[in-house]
Amino acid sequence: MKFVLLGYMGSGKSTVAKALSNKLHLPHLDLDDYIEEKEQMSVNKIFQTQGEIYFRLQESKFLEEILKMDSELVLSVGGGTPCYSNNMELINRFSSSIYLKGSIPTICQRLRNEKDQRPLIADLNDEQLTEFVAKHLFERRNFYEKANKIISIDGKSLEDLLTEVTLTLKEYLK
Ligand code: S3P
């Protein structure tokens, strides 16, 4: 079985995926890290030098490559991954997917300190960030909500989330 953690930037996908992979004794892959390794370039640099469309094409290609691997794993994907090409369809065909759903204030609070590594929001001030996230979440919600399971992250610690995710996946873990 493959498990995919998805959600907006800052929702803790990679952290929860890592913890889940430890708990289930499965390997963890992060799609952004995988792209960076394959392209020998950071996501930031790919956006800057090759542009977002190139990034989205590579993202889709490598997502499919991972999902078709003949091994069980936990995969965290980028915030935009579910919203392009037929990515969400592929995710649900080859894995069990979990959307880590955060409210606008939760997401903004988390992103304020880590904007610099994220090309889409690096140049925004606090007010612009809130507006950007609100609009973006509205646009992306329909894609995220196609996930098999939805878990709210608001006010929860990593430990809480891990317990909830594991419980939610019980049916696949027997
Ligand atoms: C993006 C999210 C990023 C990364 C890229 C684009 C997005 O991943 O894939 O910067 O479109 O939301 P994280 O969600 O892991 O930050």
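All figures in this text were calculated on a predicted structure; none of them were measured in a lab.

Undergrad: Sorry if this is basic, but what is going on with the pattern of salt bridges here?
TA: Close approach of charged atoms allows side chains of opposite charge to pair. Going through the model one piece at a time under the given rule, you end up with 11 salt bridges. With a shortest N-O distance of 2.9 Å, E164 and K156 are connected by a salt bridge. In this structure E164 comes out as partly exposed when scored by relative accessible area, which is 28%. Accessibility expressed as a relative area gives 24% for K156, which makes it partly exposed.

Undergrad: How should the environment of D154 be read in this particular structure?
TA: Relative to the helices and strands, D154 resides in the loop between β5 (149–152) and α8 (158–168). Between the C-alpha atoms of D154 and T106, which are 48 residues apart in sequence, the distance is 6.3 Å. Apart from residues lying up to four places away in sequence, D154 is in contact with K101, G102, S103 and T106. In terms of polar contacts, D154 uses its side chain to reach the backbone amide nitrogen of S103, at 3.1 Å. A polar side-chain atom of D154 sits 2.7 Å from a polar atom in the side chain of T106.

Undergrad: I would appreciate a short explanation of the state of the cysteines in the present structure.
TA: Simply put, the disulfide is a covalent bond whose two ends are the sulfur atoms of two cysteines. Considering all chains together, one arrives at zero disulfides under this definition. Of the cysteine sulfurs around C83, a residue in no disulfide, the closest is that of C108, at 17 Å. Given the relative accessible area of 14%, C83 is considered buried. Under the relative-accessibility criterion, C108 is labelled buried at 2%.

Undergrad: Got a minute to help me understand the packing of helix α6 (residues 104–112) against helix α7 (residues 126–144) in this structure?
TA: When two helices pack together, their arrangement is given by the angle between their axes and by how far apart the axes lie. α7 packs onto α6 with a crossing angle of 130° between their chain directions and a minimal axis gap of 10 Å. Here α7 runs oblique to α6, going by the angle between their axes. The two elements α6 and α7 meet at a crossing, and its hand is right-handed. Facing I104, I107, C108, L111 and R112 of α6, the residues of α7 in contact are D126, L129, T130, V133, A134 and L137. In the contact of α6 with α7, the residues fall into eight nonpolar, one polar and two charged.

Undergrad: I keep staring at unusual backbone geometry and nothing clicks. Help me out?
TA: Located in the positive-phi region is H25, a residue other than glycine, with phi close to 55°. Of note, H25 is situated in the loop between α1 (13–24) and β2 (28–30). The exposure class of H25 is exposed, given its relative accessible area of 70%. Unusually for a residue other than glycine, S85 sits at a positive phi of about 50°. Mapped onto the fold, S85 is located in the loop between β3 (73–76) and α5 (87–94).

Undergrad: Sorry if this is basic, but what is going on with the pairing of β3 here?
TA: On a regular strand, one side chain projects to one face of the sheet and the next to the other, so that they alternate. Covered by surrounding structure in β3 are L73 and L75 together with V74 and S76, the residues of both alternating faces. As paired strands, strand β1 (residues 2–6) and β3 are joined by four bridges and run parallel to one another. In the strand pairing of β3, F3 is matched with V74. As judged from the three bridges shared by β2 and β3, these two strands associate in the parallel manner. In the sheet register, H28 faces β3, and the bridge partner there is V74.

Undergrad: Looking at this structure, I do not really get the side chain of K2. What am I missing?
TA: As for its position among the elements, K2 is in strand β1. It is D70 that comes nearest to the buried, bridge-free K2 among opposite-charge side chains, at 6.3 Å. A distance of 2.6 Å separates the side chain of K2 from the backbone oxygen of M69, its partner in a polar contact. Look past the residues within four positions of K2 in its chain and what remains in contact with it is I66, L67, M69, S71, L73, F94, S95 and S96.

What counts and what doesn't
- Residues numbered from 1 in each chain as written.
- Predicted model: local features only at pLDDT ≥ 70, side-chain atom pairs only at ≥ 80, totals over all residues.
- Heavy atoms only, no water.
- Salt bridge = Lys/Arg side-chain N within 4 Å of Asp/Glu carboxyl O.
- Buried < 20%, exposed > 50% of the residue type's maximum accessible area, 1.4 Å probe, protein only.
- Helix = DSSP H or I, 4+ residues; strand = E, 2+ residues; numbered from the N terminus.
- Contact = heavy atoms within 4.5 Å.
- Polar contact = N/O pair within 3.5 Å; in protein donor to acceptor, adjacent residues only side chain to side chain.
- Disulfide = S-S within 2.5 Å.
- Axes fitted to C-alpha atoms, helices over the stretch in contact; angles between N-to-C directions.
- Parallel < 35°, antiparallel > 145°, perpendicular 65-115°, else oblique.
- Left-handed = near helix turned anticlockwise from the far one by under 90°.
- Nonpolar A, V, L, I, M, F, W, Y, C, P; charged D, E, K, R; others polar.
- Pairing = 2+ DSSP bridges.
- Lys, Arg positive; Asp, Glu negative; His and termini not counted.

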